[in-house]
Amino acid sequence: MSEKYDVIVIGAGPAGYVAAIRAAQLGLKAACVDAFAGKDGKQALGGTCLNVGCIPSKALLDSSRQFHNLTHNFGVHGITADNAKIDVPTFIGRKDKIVKQFTGGVAQLFKANKITPYFGTGKLLKGNSVEITGPDGTKQTISATNVILASGSVPIELPFAKFDNKMILDNAGALDLAEVPKRLGVIGAGVIGLELGSVWKRLGSDVTILEALPDFLSVADADVAKVAAREFAKQGLTIKLGAKLTKADIKKKEVHLTYEDKDGAHELVVDKLLVAVGRRAYTAGLLADDTGVKLDERGRIVVDEHNHTGVDGVWAIGDAVRGPMLAHKGSEEGVAVAEWIAGKAGHVNLDTVPWVIYTEPEIAWAGKTEKQLKDEGVPYKVGSFPFAAIGRAVAMNEAVGQVKMIAHAETDRILGVHMVGPGVSELIAECVVAMEFKGSSEDLARIVHAHPTLSEAVHEAALSVDKRAIHKGN
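None of the values given here were measured: they were computed from a predicted structure.

Report on the side chain of lysine 404, specifying residues and quantitative values.
Relative to the elements of secondary structure, lysine 404 occurs in strand S21 (residues 402–408). A relative accessible area of 2% places lysine 404 in the buried class. A distance of 2.8 Å separates a polar atom in the side chain of lysine 404 from a polar atom in the side chain of aspartate 221. A distance of 2.7 Å separates polar atoms of two side chains, one belonging to lysine 404 and the other to aspartate 223. In this structure lysine 404 touches Asp221, Asp223, Glu370, Val382, Gly383, Ser384, Gly416, Val417 and His418, once residues within four positions along its chain are discounted.

I'd like a rundown of helix H4 (residues 88–112), residues and numbers included.
Spanning 25 residues, H4 covers 36 Å between terminal C-alpha atoms, matching the ideal 36 Å at 1.5 Å per step. Listed in full, the buried residues belonging to H4 are Val88, Phe91, Ile92, Lys95, Ile98, Val99, Thr103, Val106 and Phe110. The inward-facing, buried residues of H4 contact helix H1 (14–25), strand S2 (30–34), helix H2 (47–52), helix H3 (54–73), strand S3 (116–119) and helix H6 (191–202). Once H4 ends, the next one or two residues include lysine 114, with phi positive near 60°.

Talk me through the pairing of strand S15 (residues 272–275); I want residue IDs and the actual numbers.
Two elements, strand S8 (residues 168–169) and S15, share two bridges in a ladder whose sense is parallel. Across the sheet, the residue bridging to leucine 169 is leucine 274, located in S15. Relative to S15, strand S9 (residues 183–187) runs parallel, the two sharing four bridges. Paired with isoleucine 187 across the bridge in S15 is valine 275.

Talk me through the packing of aromatic side chains; I want residue IDs and the actual numbers.
A full pass over the atoms with the stated rule returns four aromatic pairs. Considering the side-chain rings of phenylalanine 216 and phenylalanine 232, the 6.1 Å spacing of their centres and the 80° angle between planes classify their relative orientation as edge-to-face. Of this pair, phenylalanine 216 sits in the loop between strand S10 (206–211) and helix H7 (222–234) while phenylalanine 232 sits in helix H7, and the two are 16 residues apart along the sequence. On the accessibility criterion, phenylalanine 232 (0% relative accessible area) is buried. Pairing tryptophan 355 with tryptophan 365 gives two aromatic rings, centres 5.6 Å apart and planes at 5°, and the pair type is stacked. Remark: tryptophan 365 occurs in strand S19 (residues 362–367) and tryptophan 355 occurs in strand S18 (residues 355–357); sequence separation between them is ten residues.

Outline the nonpolar core, listing residues and values.
If you look at the biggest cluster of nonpolar residues, it comprises 36 residues, and the most contacted ones within it are Phe91, Trp200, Ile209, Phe216, Leu217, Phe232 and Ile363. Every element with two or more residues in this core is listed here: H3, H4, S9, H6, S10, H7 and S19. For this core, the leading source of residues is H7, giving five residues. Core analysis: the second largest hydrophobic core is formed by 30 residues, Ile390, Ile428, Ala445 and Ala469 among them.

Quick one: what's the story with the sheet that holds S10, residue by residue and with numbers?
Strands sit in the order S8-S15-S9-S10-S11 across an open sheet of five strands; the sheet is parallel. Both edges of this open sheet fall to S8 and strand S11 (238–241), since each of them pairs with a single strand only.

With reference to specific residues and values, describe the sheet that holds strand S13 (residues 254–261).
The strand order across the open sheet formed by three strands is S12-S13-S14, and the pairing between neighbours is antiparallel. At either end of the open sheet lies a strand with only one pairing partner, and these are strand S12 (244–251) and strand S14 (264–270). Taken over all neighbouring pairs, the strand axes of this sheet differ in orientation by 20° on average, direction set aside. Here S12 runs beside S13; their pairing, made up of seven bridges, is antiparallel. What sits directly across from leucine 245, in S13, is tyrosine 259.

Rules behind the numbers
Residues numbered from 1 in each chain as written. Predicted model: local features only at pLDDT ≥ 70, side-chain atom pairs only at ≥ 80, totals over all residues. Heavy atoms only, no water. Helix = DSSP H or I, 4+ residues; strand = E, 2+ residues; numbered from the N terminus. Buried < 20%, exposed > 50% of the residue type's maximum accessible area, 1.4 Å probe, protein only. Polar contact = N/O pair within 3.5 Å; in protein donor to acceptor, adjacent residues only side chain to side chain. Contact = heavy atoms within 4.5 Å. Expected span 1.5 Å × (residues − 1). Pairing = 2+ DSSP bridges. Phe/Tyr/Trp six-rings, centres within 6.5 Å; stacked < 30°, edge-to-face > 60°. Core = buried A, V, L, I, M, F, W, Y, C linked by side-chain atoms within 4.5 Å. Axes fitted to C-alpha atoms, helices over the stretch in contact; angles between N-to-C directions.

Below, the structure written as structure tokens:
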């Protein structure tokens, strides 16, 4: 007889493991199935985010930033260092240590909350049973009153540039290079391409990014994207827009690329190629044919506003469903679903999910862009403020960028906030709170912000919405 649970979660990424923990906190008997293995071959909870995504990339971004500051930016402070070098094995080893710390931390949280982890691939069967195929191929079946599908996403692979993680890399391969490539090609100027491109550029790689779309960072506000593009160009990142990769051949120890733009076909030779053209829901093999759970045209699990699949007791969250593929969005869906299962009131507002790109400068936003509001015919007003007029930013020698706030022209309710500059990954939180509580730009304008801080840029941008910023002409 199979083990019976109140909740089984398939997937132990930020959506799945959080759902399991919250379910256990609410008194439900919970299990979590996940197949991710660490470098030691043992189960490594935390999914893509903790193992080969958010956390390791931030570790490398921080290390590379320290090195770049030492070699390029510290002179203005009167600090000099001759013959600075980067030891790549130590650089990668620090990242691996942080990953192990956090995946081990999830395992400890499971133990503390009495959650049963299963190591293997989970498949939903009819009747809310889950078949688990272990690393050695052995199978077992467990069942539950509720099953939460949190299978996550995988990188999109181009048919003519298949991953080998030696020459042609996905995000995981780009986190584990043994040495700094002399020439790095990146396909896709999205979050992953920009972040990992920045890591290796800072360490001395000649980085060329090919982006098929004609506009840079089209998901972000145009004003923010323009500032970011200018700064990346100053840093030496070569970004070619409207450039579509058509061929990638490995010859000896080089990758020979062919791409097309408005001027025709071009050749580019690199030592390593990172393909970062997006991710897709990982639902292959997840569902038996007779479960009744439906997939959309993009392979995502179809759910309602409460993340329910329409099949009694089956829910889905995170990258495998609609909405932005962001760890924090998945985590909040995990909490909400656990609370709905327990008969409580869950809540996720997809309209106020913050986005962050951890480049230098950082980019962050929440809510609508100016173009979206214009296309929707919504009346709006805009205020902005540059970090160049913020004392703290200038003292840090990081005065690039701005905060842009968009409010409804009639009600003054904040509709979107868009930032590029120092520490904006943290500054966006204040704006998300204001938006979640239906706040107005005047609300933020009337709140006292500490001086000198970076957050004063948010304050001044709010004042600027009504043309009353103090430290710039309106």
